[in-house]
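# Fold and contact review
Spelled out from the first residue to the last, the chains are:
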Amino acid sequence: MRIARFFAYVLAIVAGLYLIAAVLYAIPVTLGAFDDTLQVKFDRPDPTIVADYDNGLTQAQKESFYHLSQGSEILPWTFLTALDVADPGSTKPFVEDLGRFGLLPDPAHKDGLPVGLTLSSNTFTFGMEFAGITCAACHVGELRHNGKTVRVDGAPNMFNMQLFYSQAVDALTATLNDRGKLWRALKRLGRQDYERYGIAAPLVRPATLVYYGVNVLMRRDVLDARRELIDVIGIAKAQRDPEHPTSGFGRLDAFDGTRNFILTRLRKENPQDGFKVNTANLVKLDAAVKFPPLWSKKAQPPQSVEYYRDQPEKFPQVWGFKDYDWVEWTIDTNTVMERNVTETLGAGATVILDPAQSSSLFGSSIPVSNMHELEWLAYYIDPPRWPEAAFGAVKPDLSASGEQIFKTRCANCHEYGSDQRTSAGLIKLRGMRPEAVGTDATAALRISCPVPDIGALKVEPKSYTAADAELLKDCAGVKAGVAFTGNSFARTVQTAVDGIKQKAYAAGGIDAARQRMMEDLARRGSVAWRDTLLDTQSPYGPYAARPLYGAWAAAPYLHNGSVPTLYDLLLPPDQRPKAFALGARDYDPVKLGFVVTKSCDRQDCLVDTKRTGDGNGGHIWGTDLSESDRMALLEFLKTY
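Everything numeric here is computed off the predicted structure, so don't read it as measured data. (Residues numbered from 1 in each chain as written. Predicted model: local features only at pLDDT ≥ 70, side-chain atom pairs only at ≥ 80, totals over all residues. Heavy atoms only, no water.)

The next thing to look at is unusual backbone geometry. Residue serine 538 is joined to proline 539 through a cis peptide bond whose omega torsion reads 10°. One can find proline 539 in the loop between helix H21 (532-535) and strand E14 (543-545). A cis geometry characterises the amide bond from alanine 555 onward to proline 556, with omega recorded as -5°. Its identity is not glycine, yet phenylalanine 126 carries a phi of approximately 60°, on the positive side. One can find phenylalanine 126 in the loop between strand E3 (117-120) and strand E4 (130-133). A positive phi angle is found at aspartate 520, which is not glycine, with a value near 60°. (Helix = DSSP H or I, 4+ residues; strand = E, 2+ residues; numbered from the N terminus.)

Following this line, the structure appears as structure tokens:
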């Protein structure tokens with residue numbers, strides 16, 4: 001009887017608190033519903049779009065490629081849409097004008113969700129609908145000229161991921177610290193809830209908060225992992241050099257960013273101490289790389305995705321990343337799946353790395369089946385055709401002359417025939433060492449740096465020679481010219497990512513046979529990672545000469561995006577632009593790339609080639625062409 005009475009009291013208290021919360025929330029709901037200034041105005045597609053190519057993707061496939069979750073959701077979307085921007089005194093909603101970050105509006109989404117943003121609700125979001133990014137945020141681009149716009153699937157986008165996440169967190173922090181912003185956020189949330197639930201809004205929102213709270217209490221390991229991620233972001237942001245942008249529009253220090261997200265959370269098992277960022281593994285972000293194009297030329301048109309579901313080996317040969325023997329900018333791994341896992345970890349996926357959490361260790365928010373589907377959708381993207389209606393007609397005679405120049409001056413590096421494929425059909429990419437190609441070496445050097453502290457991971461040590469140490473003298477803990485034994489970055493990442501991947505397979509109920517198919521192991525053999533600069537013999541190295549199909553739509557150029565146009569790339573290095581802005585979409589149909597300007601009114605948009613990681617030297621092939629031959633080659637590349 002006493003127990004029943006106790007539970008009755010508890011239930012009465014909970015019910016009373018719920019009713020009080022409902023009554024209190026009715027105030028911002030009522031005020032918000034009648035305040036039209038709180039209405040959020042989402043971006044709409046540019047009506048001047050001339051060609052939305054559909055270059056390989058059906059409309060249904062676009063929906064998946066544009067919005068399928070890869071597990072990188074980091075903030076609750078409902079609350080994000082209620083916030084002001086962080087600027088003091090500003091009442092502008094954070095989610096208005098998401099184009100300021102380079103996000104493109106999706107014509108198929110009247111709810112304002114832009115291309116590349118995802119919404120997902122799962123255990124790792126505590127049942128809330130969180131927003132994150134997916135492939136299309138970085139790999140669907142727009143090019144504009146004379147009032148006309150061309151949208152291209154697979155093209156590098158002028159998205160600034162670091163700025164988007166940073167300002168989203170700033171907006172949340174500012175709201176919590178500013179009573180005016182907090183009250184406005186409550187009213188905007190109330191208005192949106194009234195639009196969703198009508199007069200029941202004051203009753204629904206408190207109930208959802210109770211539901212979310214219970215989920216949080218039930219998954220403390222996930223909550224701790226999310227808090228760790230926020231701590232890492234805070235430390236990385238604090239050590240950021242404001243004079244040296246670490247990424248910017250269309251670029252990202254992907255390798256070092258992912259390295260920080262994973263390796264700064266490694267530690268020994270010590271339940272007594274709270275989490276502290278492992279600053280021994282924290283690296284400076286100074287090796288930006290551009291977003292690569294994702295399209296590929298096919299030997300023949302492919303069948304539907306369903307046709308290859310159980311027979312992927314029948315997909316036609318392609319000239320693109322599906323058939324590359326090694327992937328990533330520094331061709332450091334042969335596994336597309338693990339490359340995808342590291343990418344989404346760098347984009348904000350949650351992973352449990354506390355060794356004390358033995359049962360959930362390596363658990364993550366990554367839906368591995370979605371990762372595989374996104375990868376396969378990318379295989380269907382074709383190189384874009386030159387949009388004559390927007391950029392002008394191709395000159396056939398000049399293009400024909402350029403084709404001959406391409407065959408004699410470019411094809412030996414950038415074209416691959418059957419003799420450059422393995423017996424399994426993989427393309428043996430022509431990799432070059434930084435000193436051979438002459439381009440900025442920072443990305444290749446940084447990814448070769450050993451890991452100072454591997455925490456509780458079990459990783460086989462690696463022996464570094466005196467020559468290795470001389471090459472890696474700027475890495476933490478390395479003495480120039482002194483041989484040593486350390487923890488290879490490649491081996492450490494492979495160990496951590498394999499643990500995360502296997503846990504994701506188990507969570508998704510994916511058996512060994514399907515895993516083998518998803519990782520293309522029949523063609524690729526066992527999974528491998530390498531410190532490419534150290535694990536390969538000269539002249540082979542980490543920077544590959546990739547096929548150039550559709551290169552006209554893939555600006556900026558070189559691996560670090562340090563050259564704005566193909567015309568500039570064909571000039572001697574000392575004649576290339578030394579500083580230029582990225583972020584705008586104005587296209588130069590003569591020089592094939594972005595219009596060169598130094599006008600930079602947005603954070604991190606200026607590329608200064610004098611800075612570490614942003615050098616625009618090297619690739620001297622073709623730089624001795626006459627002006628007429630140079631223009632002929634560019635004319636041909638419009639058709640390639």
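The subject of this paragraph is the environment of phenylalanine 291. Position of phenylalanine 291 among the secondary structure elements: in the loop between strand E8 (289-290) and strand E9 (297-298). Separated by 199 residues in the primary sequence, phenylalanine 291 and alanine 490 have C-alpha atoms spaced 22 Å apart. With near-sequence residues (within four places) excluded, phenylalanine 291 lies in contact with Cys138, His139, Pro156, Asn157, Phe159, Gly250, Arg251 and Leu252. (Contact = heavy atoms within 4.5 Å.)

Let's shift gears to the sheet that holds E4. As a general point, the strands of a sheet are linked pairwise by backbone hydrogen bonds and lie either parallel or antiparallel. The strand order across the open sheet built from three strands is E2-E4-E3, with neighbouring strands paired in antiparallel fashion. The open sheet terminates on both sides in strands that have one partner only, identified here as strand E2 (75-76) and E3. Taken together, the four bridges between E3 and E4 define a ladder with antiparallel strand orientation. If you follow leucine 117 over to E4, its bridge partner there is isoleucine 133. (Pairing = 2+ DSSP bridges.)

It is worth spelling out the side chain of histidine 559 at this point. Position of histidine 559 relative to the elements: it lies in the loop between E14 and helix H22 (566-569). Side chain to side chain, histidine 559 and tyrosine 543 meet in a polar contact 3.4 Å long. If we ignore the near neighbours within four places in the chain, the residues touching histidine 559 are Val289, Lys290, Trp329, Thr439, Asp440, Ala443 and Tyr543. (Polar contact = N/O pair within 3.5 Å; in protein donor to acceptor, adjacent residues only side chain to side chain.)

Interpretation note: all reported values are geometric properties and have no functional meaning in isolation.
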